[in-house]
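What follows is each chain in one-letter form.
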Amino acid sequence: MSMVDPVRFAQLFGNLRQRGKNDAGTWRVAWTDEDWNTRYWFEQTCRELGFEAYTDAAGNVWALWNGCSPDDPGYVIMGSHLDTVPAGGDFDGAYGVVGGLEVLLSIRDYCTKYGVKPRYNLGVVGFEDEEGVTFGNSLFGSRAVMHEWRPDDLRQLASVDDRPFTDAAQQYGVTLDRIMAVQPPNIVQYIELHIEQGPVLWDKGIPIGVVSVVAGRQQGYVRFRGKKNHAGTTPMDQRQDALLFAADAIARLNAAAKRHHGVGTVGELKVSPGSPNVIPESVVASFDIRAPEDADREAMFQAWSEGLLEGNVQFSHKEASVPMDASIQQTIRESAESLRYPTLAMPSWAIHDAMIMARHVPTGMIFVPSAVGVSHAKDEFTNPADCVRGVEVLHETVQRLVLPGGAHHD
Ligand code: HGY
Ligand code: MN
Ligand code: MN
């Protein structure tokens, strides 16, 4: 029987989890040396494990096994992202990449030992810049693989400190021309294993989530204009305080989210001139609006953006909700049930590379519980038993997809 090896998985995952980590959390932010040293490490590790391993023109790292050689019926790809948010957790993304590598190893070793020829080739990908925290280009690597980027989209991207995305990417050899020319393997299905990042599975005590839809998101920046003046001498009724306008917008976003069954967050504020004794003349605030139903998200954004005081939306990127493939969802459910693991069908409130892949190939997502629902923080944690259960369900699912006659149980 092809089995996952929990010890091998724990060793690989333990190695990755330490990379870019300090007391405040994990700092494998895209387009930094921490991120790219991790990519080189992962590529080298996969090569040493006997796979065709490479980093593509957009920074995505691939490990491929063409077990069907010489014909190429296409690849079933597992994976997630290797980058993190600043001071993030060490499960978000990394868990799915290493879980995929463990399944790739288990199935390759099984097929090699018993001379079994899979129906599809198999591989793992570690996407680049899923988080988009610096340049607002989330899901960057998967969009590059699926050729969703246009050069102008990327030319206009810049950090809050006005550093162009192209400048940062070029530092790692990633140029616009190369991004446009990414040559991915022939992907026929994509399965992403990921932590839930929320409290639902943890609160219900259910070990496996079968993702039904990845919630859409509208994200961007609003600039509020005020009038710079003296904090002491300016009477309260003669102020144009940009930060007060922003504060009003933050409170109203919170109310709109509750009213429209969504979530709304302002996670970033840049106040100018940023001196305690000067009334702010300009504030740039980020916004992040999500809901599984597109109509709810649109209504939320509309209700909120109509009432902005002295503010206008500078940049906004919208991603519609994307349903996961129904038959892959069923395969995941059956796989978990064959292992006697209860499952819960559920939306993903976090966005994932799976929402890009699902627009092009049949795609599924498997969730495991996040302890106390915490994520994007250093105490992000999933207990080892839950981690292994998720890898086993991914393994069982992928066996059913690629092995002749489905999963093998001697
Ligand atoms: O923001 C998100 O939902 C994801 O973690 N990038
Ligand atoms: Mn993630
Ligand atoms: Mn994340």
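Residues numbered from 1 in each chain as written. Chains lettered and ligands numbered in written order. Predicted model: local features only at pLDDT ≥ 70, side-chain atom pairs only at ≥ 80, totals over all residues. Heavy atoms only, no water.

1. A closer look at the overall build of the chain
Across its full length, the chain carries 13 helices and 18 strands. Relative to the compact-globule value of 22 Å for 410 residues, the chain shows a C-alpha radius of gyration of 22 Å, a close match. A principal-axis box enclosing the C-alpha atoms of the chain has dimensions of 85 × 45 × 40 Å. The buried share among the 410 residues of the chain stands at 55%. The long-range fraction of contacts in the chain, counting pairs at least 24 apart against all pairs at least 6 apart in sequence, stands at 79%. Accessible area of the chain: about 16500 Å², with a carbon and sulfur share of 52%. (Helix = DSSP H or I, 4+ residues; strand = E, 2+ residues; numbered from the N terminus. Rg over C-alpha atoms; globule rule 2.2 N^0.38 Å. Buried < 20%, exposed > 50% of the residue type's maximum accessible area, 1.4 Å probe, protein only. Contact = heavy atoms within 4.5 Å. Areas by Shrake-Rupley, 256 points an atom, 1.4 Å probe, with all protein chains shown as cover.)

2. Quick look at the pattern of salt bridges
Taken as a whole and assessed by the stated rule, the structure comprises 26 salt bridges. A salt bridge links arginine 39 to glutamate 128; the shortest N-O distance between them is 2.9 Å. One end of the pair, arginine 39, is in helix 2 (residues 33-48); the other, glutamate 128, is in the loop between strand 6 (121-127) and helix 4 (140-145), with 89 residues separating them in the sequence. Each member of the pair, arginine 39 together with glutamate 128, is buried. Residues glutamate 319 and arginine 143 are paired through a salt bridge, measuring 2.7 Å at the closest nitrogen-oxygen approach. Of the two residues, glutamate 319 sits in strand 15 (residues 311-319) while arginine 143 sits in helix 4, which places them 176 residues apart along the sequence. Take glutamate 319 and arginine 143: they sit in the same class, and that class is buried. If you follow the salt bridges from partner to partner, you end up with Arg8, Glu102, Arg108 and Asp109 in one network. (Salt bridge = Lys/Arg side-chain N within 4 Å of Asp/Glu carboxyl O.)

3. Let's talk about the domain arrangement of the chain
Along its sequence, the chain is organised into domain 1 (6-214 + 322-402) and domain 2 (216-319). Computed over C-alpha atoms, the centres of domain 1 and domain 2 are 33 Å apart. Each partner contributes to the interface: domain 1 provides 17 residues, whereas domain 2 provides 15 residues. Where domain 1 touches domain 2, the interface holds 3 salt bridges. The closest approach of N and O atoms between arginine 359 and glutamate 319, which form a salt bridge, is 2.6 Å. The tally of links between domain 1 and domain 2 comes to 5 residue pairs in polar contact (both at pLDDT 80 or more). Elements supplying a minimum of two residues to the side of domain 1 that touches domain 2: strand 8 (208-214) and helix 12 (353-357). (Domains from an automatic or database assignment. Polar contact = N/O pair within 3.5 Å; in protein donor to acceptor, adjacent residues only side chain to side chain.)

4. Side note on the coordination of the manganese ion (ligand 3)
Bound to the manganese ion (ligand 3) on the protein side are Asp92 (OD), Glu131 (OE) and His376 (NE2), at distances that span 2.1 to 2.2 Å. Written as a sequence motif, the donor residues of the manganese ion (ligand 3) are D-x38-E-x244-H. Classification of aspartate 92 by relative accessible area gives buried; the value is 3%. Accessibility expressed as a relative area gives 39% for histidine 376, which makes it partly exposed. (Donors = N, O, S within 2.8 Å, 3.2 Å for Na, K, Ca; no water.)

5. A short note on the site of ligand 1
Neighbouring ligand 1 are Asp92, Glu130, Glu131, Gln197, Arg217, Arg290, Ala350, Ile351 and His376. In the environment of ligand 1, a nitrogen atom lies 3.0 Å from a nitrogen or oxygen atom belonging to the side chain of glutamate 130. Here glutamate 131 contributes a side-chain N or O atom positioned 2.8 Å from a nitrogen atom of ligand 1. For ligand 1, the protein covers 93% of the area, taking 220 Å² as the surface of the free molecule. When atom positions are compared with the pocket grids, ligand 1 is found to occupy the largest pocket. In the shell around ligand 1, the residues fall into 2 nonpolar, 2 polar and 5 charged. (Near = heavy atom within 4 Å. 1 Å grid on protein atoms, 1.4 Å probe; cavity = no way out; pocket = protein on both sides within 12 Å on 5 of 7 lines; lining within 4 Å. Sits in = over half its atoms within 2 Å of the grid points. Nonpolar A, V, L, I, M, F, W, Y, C, P; charged D, E, K, R; others polar.)

6. Some remarks on the coordination of the manganese ion (ligand 2)
Around the manganese ion (ligand 2), the protein contributes the donor atoms His81 (NE2), Asp92 (OD) and His194 (NE2), which lie 2.1 to 2.3 Å from the metal centre. The motif formed by the donor residues of the manganese ion (ligand 2), counted along the single chain, is H-x10-D-x101-H. For the pair the manganese ion (ligand 2) and the manganese ion (ligand 3), the metal-to-metal distance amounts to 3.5 Å, and aspartate 92 bridges them. Taken together, the residues span a long stretch of sequence, with histidine 81 in strand 5 (residues 75-81) and aspartate 92 in the loop between strand 5 and helix 3 (94-114) at a distance of 11 residues. A relative accessible area of 0% means that histidine 81 is categorised as buried.

7. Focus on the pairing of strand 3 (residues 52-55)
As paired elements, strand 3 and strand 4 (residues 61-65) share 4 bridges and run antiparallel to each other. The residue of strand 4 that forms the bridge with tyrosine 54 is tryptophan 62. The turn linking strand 3 back onto strand 4 is made up of 5 residues, and glycine 59 within it adopts a positive phi angle of 95°. (Pairing = 2+ DSSP bridges.)

8. A few points about the packing of helix 1 (residues 6-17) against helix 2
Contact geometry for helix 1 and helix 2: axes closest at 11 Å, N-to-C directions at 160°. Classified by the angle between their axes, helix 1 and helix 2 sit roughly antiparallel to one another. Note on packing geometry: the crossing formed by helix 1 with helix 2 is right-handed. Side by side, helix 1 and helix 2 meet where Leu12, Asn15 and Leu16 of the first sit next to Thr38, Trp41 and Thr45 of the second. Split into classes, the residues belonging to the contact of helix 1 with helix 2 amount to 3 nonpolar, 3 polar and no charged. (Axes fitted to C-alpha atoms, helices over the stretch in contact; angles between N-to-C directions. Parallel < 35°, antiparallel > 145°, perpendicular 65-115°, else oblique. Left-handed = near helix turned anticlockwise from the far one by under 90°.)

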